[in-house]
Amino acid sequence: MSKLSAIEELPETLQPGVAARWAGLAAANPELAAAIAAEPRLAQSLPRVWAASEFVADLCTAAGGYLETLLDDGSLLATARADGWPAPRISLELDESAFMAALRAHRQRSMLRIAWRDLAGWAPLEETLESLTSLADDCIETALAYSARTLAARHGWPGMDETGSRNELMVMAMGKLGARELNFSSDIDLVFLYASNGRSEGQRPLDHETWFTRQARHLIRLLDERTADGFVFRVDTRLRPFGDSGPLVISLGAFEAYLQAHGRDWERYAWVKGRALGGSQSQRGAVAELLRPFIYRRYLDYGVFESLRIMKEKVARMSRRKARQQDIKLGPGGIREIEFVVQCYQLIRGGSEPRLREPGLLAALAELAKRGHIDGQTATTLDSHYRYLRVLENRLQAIQDQQVHELPTDEALRARLALAMDCTDWNMLVRQTRSRCQAVHAVFNELVFAPAGHGGEPTPVLALPWESADDEQESLAQLTRAGFGEPGEALARIRALRDGVLYRRLDAAGRRRLNDLMPRMLQAVADTDPDIRVLRHVLAIIESVGRRSAYFSLLNENPEVRGRLVRLCAQSRQLAEEVAAHPVLLDELIDPRVFEMPPTRDDLEAELERRFSGVEPGDLEAQMEALRRFQRASVFRVALADLNQVLPLMKVSDRLTELAELVLDKVLQLAGEQLAEKFGIELQVQDGCYSRFVIIGYGKLGGLELGYGSDLDLVFIYADPENGVSGQASASDGEPDPSVFFTRLGQRSVHMLSTQTRAGRLYDVDTRLRPSGQSGLLVSEIGAFEHYQMQQAWTWEHQALLRARCVAGDAALGKRFATVRKQVLCRERHGDSLRRDIVSMRERMRKELDGSDSKRFDIKQGTGGITDIEFLVQYFVLQHAAGHPGLVRWSDNIRQLEALAAAGLVTPATAETLTDIYRDYRARIHSLSLDGAGPFAGASELADERRFVCQLWAREFNAQSGSEALL
């Protein structure tokens, strides 16, 4: 008899049983025993595998030759291919009993291979789960084909759907099967759908519902019925609409109606893992389109925390009732808690981040960590413990091929499981498992139950003003004690919200959420700044977000977000009004770094890429929605950093300018793709930009000085037609003339930038600085632009050109523009003529635009304000650029001043003072913008600054300084 020395390495209690089985196999099939003993890997692994799994040992010694087949085809020792193991080759011509026997034999042979490789340590967890899933898929699809063929022979095939595809039964794999994570002895959860109603085409036709119901029942029997050969998979259909009381199969139309009218929160969790088997590609796509809005909300859906707690509490009650403390699936810290955490965060953010719509738990967990929604260390902990628990689950079930999740009490079973898990004894396994489950349970409690006061948040004391309409005196007293300086108005506004239209229109869940929120929110205002102005802003935001009461859940779940919101309302009326107008900005307050860590350009680029990651390439509406939300959220984050003085003025303008550049790049890309498709042409692209076309930024954009609400001064330029659009020679060939195409490109870009949608407008756009202004062409050819600037442009246009630069498009054409700009600006100029032109233009602007009066000073357009400084700098640069070309290198005011000082054309003291004043003016305007005010200071403010600018203006232009009027 072939001996296996590895048997002696087993725990003493397990050696006799394995030795006896081996002796029986060697006696009954000496050739097989010899082949096993001759293969070192098999000889070493067999005692461990048999000791760990009675099921495997039984299959190896049972009739059917399962082990011999696996040795003959090499699949036991081989690694699975990327596409899994071969599907069963079972003839559909067999009679039903033979077909069922063949399908069961395939199942047993495959389960033997999977269990052996797992228990021997040859297969990682991913291979085991994928192999089990592929086995189930193959068996379902084979049985599906057999049942369809059998039914069609009697009643004909079903009719066509509206797309021209034949109606087929779609088997929706749910749970771990749907996620391709099936465990060893699991039920398979199935839901049956079909595309549309109709009748089959045979001589004894059936309506589709009857046809597919019969097919589904036949399919279940082929898989689930226990025969002399065993079973294939136990089938559970209780996840279907209306559960056991609902029809076994349902049409897509009825399924859509069910989801809209009856779909429950737990079904959203379940359908995250839904995956279609059977059906045409278009039919599967239709199911996906129905499910997506049901599962994933467009906005952050913090309401899932509430529903998750309810679900978890039901599971916990059931566990306590059934003493499931040793249940590694449903017990505390078990597999289900990890699933709940991951699915909860998927549902919260999956609507806006399509890459989170991943049915596989480990892949979804990794994506959540990558995007910062779950802390990296926490994700690593959950990943490790999930892998351990899934391996433990598989090896527990592999002992006897039973669907069990509770740790065994039988000593023999404990010995087998401890061996399978590489533990020296049962106590070691218990310690390991308990430690991991405790860690999981702690994470679960922290992430799911800690929000909304479940983790010990103090009970708010300001409940009465919201909850009681009767006790007005005590409500006023509470508000007074909390520090509200105007308790009467505060109470009136609180009661107005409580008794108003919003509250009456909320459903029961919305009212419950708002009732939970308001005492907490009032307490947050009292703790931060109990000013009536702050309360007004907060209540306006509450009323605005009431249209999507899931935001009440967001604020309930996150005390930190409530605090940040109140802090924002205390600091900026403008941002408070922005949040009220666009509640989606509340999402930005979730990040704890929002006040302290301003976004970098790299951050902005990454965020733009993230927002477009799940948007379909041809869906322009979704693309523009994503772009507008990105722009609005990014400005919001910059403003928060500005408010909290963690971003200096110059960096604020840099970020706002960089943001505009990113938006312009994206708009140019989208507009080009849209027009290229429309005209049926292919655009030449280099470094991600369309060749021969650029966007030139003027004014604050060109000068890297964008502020909040700044419009974009844009000029569009294209190059000589050659190679501008590939494959085009003339309009007669059906291709657009390049000038026509690029004009359309400019028009489309302006439209995309400035059109108002529900997500807002990207930017106000001004194109009047193009050659010949409003009467000129929207898009200029570079040669024509150069000729205009050299021969026809006014002095004020050259002043504007000083603050111009390429901000998007073809880099080579951008360099050519820079060359033209330098040549134009460095021309010799007559000093007197230049002086007259600049003074004339400034007087005209002041007359038309200066909003100063006896009570206020217009910081931008008033005498001695920003525009005077800009005109002074432009005068100095244009006057001296011919002899000092370096003056025009930069397009921003401050570096032009620095260049003038470096060239000795203004004194360092003058340059420094002007720079300081310019920065102070801009900082003041930024601050006023954030408070929702115009660019005005008091008439007596900034007197020294204005006097200095006016005196310098008078000295250069021989004009009355106006300084006396400032005193």
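Just above, that's the structure.
For clarity, every value in this text was computed on a predicted model and none was experimentally measured. Residue positions are counted from 1 within each chain, in the order its sequence is given. Selection of residues for local features in this predicted model requires a pLDDT of at least 70, selection of side-chain atom pairs for listing and counting requires 80 or more, and totals for whole chains, interfaces and linings are taken over all residues. For side-chain calculations, the full set of non-hydrogen atoms in the structure is used, while hydrogens and water are omitted.

Colleague: Explain helix 23 (residues 508–528) here, please?
Modeller: Think of an α-helix as turning once every 3.6 residues; residues three or four places apart then point the same way. Helix and strand labels come from DSSP, where a helix needs a run of H or I of at least four residues and a strand needs a run of E of at least two; each type is numbered from the N terminus. The span you would expect from a helix comes to 1.5 Å times its residue count less one. Its 21 residues give helix 23 an end-to-end C-alpha distance of 30 Å, which sits within 8% of 30 Å, the value for a rise of 1.5 Å per residue. A maximum bend of about 30° is found in helix 23 at L517, where proline P519 lies one to four positions downstream. Each residue is assigned a bend, namely the angle between axes fitted to the seven residues that terminate at it and the seven residues that start at it.

Colleague: How should the packing of helix 38 (residues 893–902) against helix 39 (residues 908–930) be read in this particular structure?
Modeller: The relative placement of two packed helices is expressed as an angle between their axes plus a distance between the axes. Think of each axis as a best-fit line through the C-alpha atoms, taken over the contacting stretch in the case of a helix, with angles from 0 to 180 degrees between the N-to-C directions. Running from amino to carboxyl end, helix 38 crosses helix 39 at an angle of 170°, the nearest separation of the two axes being 9 Å. With respect to helix 39, the element helix 38 is oriented roughly antiparallel. Contacts between helix 38 and helix 39 involve N893, I894, L897 and A901 on the former and, on the latter, P908, A911, L914, T915, Y918, R919 and R922. Gly is placed with the polar residues, together with every amino acid not listed as nonpolar (Ala, Val, Leu, Ile, Met, Phe, Trp, Tyr, Cys and Pro) or charged (Asp, Glu, Lys and Arg). Of the residues contributing to the contact of helix 38 with helix 39, the split by class is seven nonpolar, two polar and two charged. Note that the term roughly parallel is reserved for angles under 35 degrees, roughly antiparallel for angles over 145, roughly perpendicular for angles of 65 to 115, and oblique for everything else. Contacts: residue pairs with any heavy atoms within 4.5 Å of one another.

Colleague: Help me understand the packing of helix 23 against helix 26 (residues 559–571), please; the structure alone is not making it clear to me.
Modeller: One can describe the packing of helix 23 onto helix 26 by two numbers: an axis separation of 9 Å at closest approach and a directional angle of 55°. As far as their axial angle goes, helix 26 and helix 23 are oblique. Considering the relative orientation of helix 23 and helix 26, their crossing is right-handed. Taken together, the residues of helix 26 that come into contact with helix 23 (itself represented by L517, R520, M521, A524, V525 and T528) are R562, L565, V566 and R567. For the contact of helix 23 with helix 26, the per-class residue count stands at six nonpolar, one polar and three charged. By convention the crossing between two helices is left-handed if the near helix lies anticlockwise of the far one by an angle smaller than a right angle, and right-handed if it lies clockwise.

Colleague: Got a minute to help me understand unusual backbone geometry in this structure?
Modeller: Look at R180: it is not a glycine, yet its phi comes out positive at around 60°. By secondary structure assignment, the location of R180 is in the loop between helix 8 (175–178) and strand 2 (188–194). The backbone of L942 shows a phi angle near 55°, a positive value even though the residue is not glycine. Residue position: L942 is located in the loop between strand 14 (936–938) and helix 40 (943–957).

Colleague: I'm lost on the packing of aromatic side chains in this one. Help?
Modeller: The geometry of an aromatic ring pair is captured by two quantities: the separation of the ring centres and the angle between the planes. Stacked, edge-to-face and tilted are the three classes for Phe, Tyr and Trp ring pairs, Trp counted by its six-membered ring, which pair at centre distances within 6.5 Å; planes under 30 degrees apart are stacked, over 60 edge-to-face, the rest tilted. Per the counting criterion, the structure on display carries 18 aromatic pairs. With a centroid separation of 5.3 Å and 70° between ring planes, the pair formed by W211 and F212 is classed as edge-to-face. Exposed residues in this analysis have more than 50% of their type's maximum accessible area, buried residues have under 20%, and partly exposed residues fall in between, with area computed by a 1.4 Å probe over protein chains only. Looking at F212, the relative accessible area reads 0%, which means it is buried. Ring geometry for F693 against F716: centres 6.0 Å apart, planes inclined by 20°, an arrangement best described as stacked. In this pair, F693 sits in strand 8 (residues 693–698) while F716 sits in strand 9 (residues 712–718), placing the two residues 23 residues apart along the sequence. By relative accessible area, which is 0% here, F693 ends up buried. Among the aromatic side chains, those forming a connected cluster through ring pairs are F693, F716, Y718, F741 and F742. The lysine or arginine in question, R357, covers the ring of Y296, its NZ or CZ lying 5.3 Å from the ring centre. Both a distance and an angle decide whether a charge sits over a ring: NZ of Lys or CZ of Arg must be within 6 Å of the ring centre and within 35 degrees of the ring normal.

Colleague: Any chance you could explain the pairing of strand 8 here in plain terms?
Modeller: Remember that side chains alternate between the two faces of the sheet whenever the strand is regular. Among the six residues in strand 8, six count as buried, and that is most of the element. Sheet topology note: the strand 8/strand 9 ladder contains six bridges and is antiparallel. When the bridges of strand 9 are listed, G697 appears paired with L714. When DSSP finds at least two bridges between two strands, those strands are taken to pair. Of the strand pairs in this sheet, strand 8 and strand 12 (residues 805–809) are connected by four bridges, and their pairing is antiparallel. Bridging across to strand 12, I695 finds its partner in A808.

Colleague: Looking at this structure, I do not really get the environment of D837. What am I missing?
Modeller: Checked against the element boundaries, D837 lands in helix 36 (residues 831–849). Taking relative accessible area as the criterion, D837 reaches 33% and is therefore assigned partly exposed. Measuring from C-alpha to C-alpha, the distance between D837 and Y875 comes to 9.8 Å, with 38 residues separating the pair along the chain. Between N or O atoms, a polar contact is any pair within 3.5 Å; within protein, one atom must be a potential hydrogen donor and the other a potential acceptor, and residues adjacent in sequence are included only when both atoms are from side chains. One polar contact links D837 to T795, side chain to side chain, over a distance of 2.6 Å.

Colleague: Just checking my understanding: could you explain the pairing of strand 1 (residues 170–173) for this structure?
Modeller: In strand 1, alternate side chains face the same way, and those of M170 and M172 on one face and V171 and A173 on the other are all buried. Of the strand pairs in this sheet, strand 1 and strand 2 are connected by four bridges, and their pairing is antiparallel. Its bridge partner lying in strand 2, V171 is registered against F192. Two strands pair when backbone bridges link them, and strand 1 and strand 5 (residues 275–277) are joined in this way by three bridges, in the antiparallel orientation. Paired with M172 across the bridge in strand 5 is A276.

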